[in-house]
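Structural overview
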Amino acid sequence: MSRLSTLLRLEAAETETVQDASMVGHFHLAEQPLIFLPLNRSGTEATLLAVMFGDEPDRPQLLVAPPHGRPAAFLEELAGHILTYIEGFQNTEYLPAKGKKPARERHTHAPQLLVANRRSLPYVGRLGRALRFTEPPEGSDPARSVGRLGQWLTFFADHAEQPGSALLLALTDLLATRWITGQSRLEDEYLAALLAWIDPPPGTTGLRAALDAENPQVPGPDGQLHRPAGPATDPSFDSLELDPLLTAYDDAAKEGNAAAMIRLTDRLHTLLHNYLKPTWDDAWHALGLLRNLPQTHDAQRRWAADRDRFTAYTTYLAADGRPQPIKDDPVSAARRLARMELAQGAFDAHRALEDPYFMAERRTTGEAVAGTVTEVDAHHTVPGARSPKLRPRLTLHTTDPVRLDIGHLLAGPHNPRVHMAVRAITPHGQGTDLLLEVMTLTGTVNKPRTDSVPAVGDLLELTFAPEFFSRPPFPRRENTPWTHGGPQHNHPAAVLEETEEPQP
């Protein structure tokens with residue numbers, strides 16, 4: 001946590017009111033996202049107890065696993081609903097060839113899953129891993145099977161780890177990016193309490209509203225009890241309500257009392273509906289608040305990349321359809337790690353260029369600087385292959401902490417397309433002088449572009465240029481020696497790596 005975030009959190013705690021941390025939305029919110037609220041059966045790795053889901057606030061759908069026996073029918077019904085939602089995004093658009101990318105078709109929209117909190121993200125992955133190797137019943141359609149649901153859940157969970165991807169998002173993460181509360185980050189994971197801080201009822205403060213929301217025995221302003229949003233259930237709920245009901249069902253089953261079993265199953269359905277419904281309402285409330293934020297240009301660009309990934313995976317499933325391997329082979333793991341590191345760097349750089357709050361936060365850590373231009377050499381050149389290249393130089397004096405190195409490529413919100421390379425870092429007085437060299441949009445020696453070169457006295461804010469995080473020169477898979485993991489594993493899903501372009 002940066003000093004700025006800490007300061008805002010302290011300010012929120014003192015005033016009992018949330019503090020603004022951003023005025024823009026860094027993630028695309030789809031027009032028709034699917035709210036997905038899973039509850040896990042306690043004591044097991046990834047076994048669904050119930051799930052509430054839907055893409056309309058007034059039409060939550062609840063599926064409850066049977067108290068006993070194999071939940072095959074329950075999972076098949078869940079697969080039918082989720083896969084129907086995913087298959088609703090089949091319209092495509094034609095994209096002509098551009099740069100190194102050939103002409104192709106891409107889905108015009110993509111499915112988006114929203115879960116209540118960060119803990120639900122890895123749970124979706126665990127659930128996908130538990131389901132994706134499920135063999136479809138003989139004679140059934142594999143494309144509508146529980147195994148295919150597991151493959152898609154794995155796809156969404158994998159991309160939840162991709163910085164900037166919006167295919168699977170946690171609502172508490174989105175809210176915490178926009179608002180800072182006076183409670184800990186761990187407490188922010190409780191959706192009801194976080195919303196109480198952000199949008200308290202009239203006449204009370206965020207702190208007081210959050211304290212009320214955290215009390216499982218006190219109904220909220222909507223008259224409902226707000227339990228933890230899952231995927232783990234509230235222990236008091238387990239011991240006082242769920243376990244006695246399941247025990248009664250066990251007794252009825254031993255006695256062969258079918259009427260009692262039906263009655264207890266209905267009570268279980270009602271119990272879990274009442275548990276999840278407040279979180280369902282909170283999720284749509286949070287979505288309504290987040291939709292008031294204007295989305296940044298880069299959010300749209302990254303969503304286009306998500307649509308590329310969705311298109312590629314849909315094509316892969318239609319052509320091959322085998323589930324993802326249990327774990328990445330060394331080559332895929334190395335590429336994935338590099339891709340995520342690059343994406344995180346580029347994503348943070350884009351956020352800083354589009355969000356003054358995030359830029360200010362990076363200034364406190366030395367990953368961005370602000371200062372005054374003190375010298376300019378607009379005619380500086382460097383040798384080129386055929387003729388000298390124009391590379392204007394300038395000196396920026398800053399009193400910010402500096403955590404930059406020679407060769408870093410910087411850009412600023414004034415014109416993100418103008419990139420400046422750091423050529424020297426020199427302590428000067430109470431601050432630091434940075435010698436910068438303009439690398440892009442300079443024009444030529446005979447026809448220079450003066451609008452790309454700041455003037456003496458200009459104030460600049462600079463951070464890493466997103467383009468600085470370029471793709472490393474990985475060898476081709478077939479050229480990787482076996483001592484480094486390749487290419488003994490040749491799962492067809494590895495071809496999808498080609499569509500996972502690093503950001504930007």
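Below, the structure is looked at part by part. Bear in mind the structure is a predicted one, so any value in this text is a computation, not a measurement.

Here we look at the overall build of the protein
Looking only at helices and strands, the protein has 12 helices and 17 strands in total. For the protein, the C-alpha atoms occupy an extent of roughly 95 × 60 × 40 Å along the three principal directions. In the protein, which comprises 504 residues, the proportion classed as buried is 49%. Sequence separation of 24 or more characterises 69% of the internal contacts of the protein that already satisfy a separation of 6 or more. Within the structure as shown, the protein displays about 24500 Å² of accessible surface, and the carbon and sulfur contribution to it stands at 54%. For the protein, the separation between the mean place of its 50 positive charges and that of its 64 negative charges on side chains is 7 Å.

Considering the environment of glycine 128
Here glycine 128 shows up in helix α3 (residues 120-131). Separated by 306 residues in sequence, glycine 128 and leucine 434 place their C-alpha atoms 50 Å apart.

Some points on the sheet that holds strand β15 (residues 420-428)
Spatial ordering of the closed barrel is given by β10-β13-β16-β15-β14-β17, a layout of six strands whose pairing is antiparallel. Mean inter-strand twist for the sheet, computed between neighbouring axes without regard to direction, equals 50°. Together, β10 (368-377) and β17 (459-464) form the strand contacts of helix α12 (residues 356-365), whose direction differs from that of β17 by roughly 80°.

Some thoughts on the packing of helix α2 (residues 72-87) against helix α4 (residues 146-160)
The geometry of α2 relative to α4 is characterised by a closest axis approach of 9 Å and an angle of 55° between their N-to-C directions. By the angle between their directions, the pair α2 and α4 is classed as oblique. The way α2 lies across α4 gives a crossing that is left-handed. Of the residues in α4, those touching α2 at Leu75, Glu76, Leu78, Ala79, Ile82, Leu83 and Ile86 are Val146, Arg148, Leu149, Trp152 and Phe156. Residue composition of the contact of α2 with α4, grouped by class: 10 nonpolar, no polar and two charged.

A closer look at the packing of helix α8 (residues 235-255) against helix α9 (residues 258-290)
Packing of α8 against α9 leaves a shortest axis separation of 9 Å and a crossing angle of 160°. Taken together, the axis directions place α8 and α9 in an arrangement best described as roughly antiparallel. Judged by the twist between their axes, the crossing of α8 over α9 is left-handed. Across the interface between the two elements, Phe237, Glu241, Leu242, Leu245, Leu246, Ala248, Tyr249, Ala252 and Ala253 from α8 touch Ala260, Met261, Leu264, Thr265, Arg267, Leu268, Leu271, Leu272 and Tyr275 from α9.

Here we look at the packing of aromatic side chains
Evaluated as defined, the whole model comprises 14 aromatic pairs. Look at phenylalanine 155 and tyrosine 313: their rings are 4.8 Å apart centre to centre, the planes differ by 15°, and that puts the pair in the stacked class. With phenylalanine 155 in helix α4 and tyrosine 313 in helix α10 (residues 297-319), this residue pair connects regions lying 158 residues apart in the sequence. This pair shows no difference in class: phenylalanine 155 is buried, exactly as tyrosine 313 is. Here phenylalanine 464 and phenylalanine 468 contribute two aromatic rings whose centre-to-centre distance is 5.8 Å and whose plane-to-plane angle is 20°, an arrangement assigned as stacked. The exposure class assigned to phenylalanine 464 is buried, which follows from its relative accessible area of 9%. Among the aromatic residues, those joined into a cluster by ring pairs are Trp152, Phe155, Phe156, Phe310, Tyr313 and Tyr316. The ring of phenylalanine 27 carries the charged tip of arginine 302 above its face, separated from the ring centre by 5.7 Å. The ring of phenylalanine 358 carries the charged tip of arginine 351 above its face, separated from the ring centre by 4.1 Å.

Quick notes on the sheet that holds strand β4 (residues 61-64)
The five strands lie next to each other as β4-β3-β2-β7-β8, forming an open sheet whose pairing is mixed. Edge strands, defined here as strands with exactly one partner in the open sheet, are β4 and β8 (168-170). Averaged over all adjacent pairs, the angle separating strand axes in this sheet is 25°, with direction ignored. Sheet analysis places strand β3 (residues 48-54) next to β4, joined by four bridges and oriented antiparallel. Along β4, the bridge assignment pairs methionine 52 with leucine 62.

Definitions and cut-offs
Residues numbered from 1 in each chain as written. Predicted model: local features only at pLDDT ≥ 70, side-chain atom pairs only at ≥ 80, totals over all residues. Heavy atoms only, no water. Helix = DSSP H or I, 4+ residues; strand = E, 2+ residues; numbered from the N terminus. Buried < 20%, exposed > 50% of the residue type's maximum accessible area, 1.4 Å probe, protein only. Contact = heavy atoms within 4.5 Å. Areas by Shrake-Rupley, 256 points an atom, 1.4 Å probe, with all protein chains shown as cover. Lys, Arg positive; Asp, Glu negative; His and termini not counted. Charge placed at Lys NZ, Arg CZ, Asp CG, Glu CD. Pairing = 2+ DSSP bridges. Axes fitted to C-alpha atoms, helices over the stretch in contact; angles between N-to-C directions. Parallel < 35°, antiparallel > 145°, perpendicular 65-115°, else oblique. Left-handed = near helix turned anticlockwise from the far one by under 90°. Nonpolar A, V, L, I, M, F, W, Y, C, P; charged D, E, K, R; others polar. Phe/Tyr/Trp six-rings, centres within 6.5 Å; stacked < 30°, edge-to-face > 60°. Lys NZ or Arg CZ within 6 Å of the ring centre and 35° of its normal.

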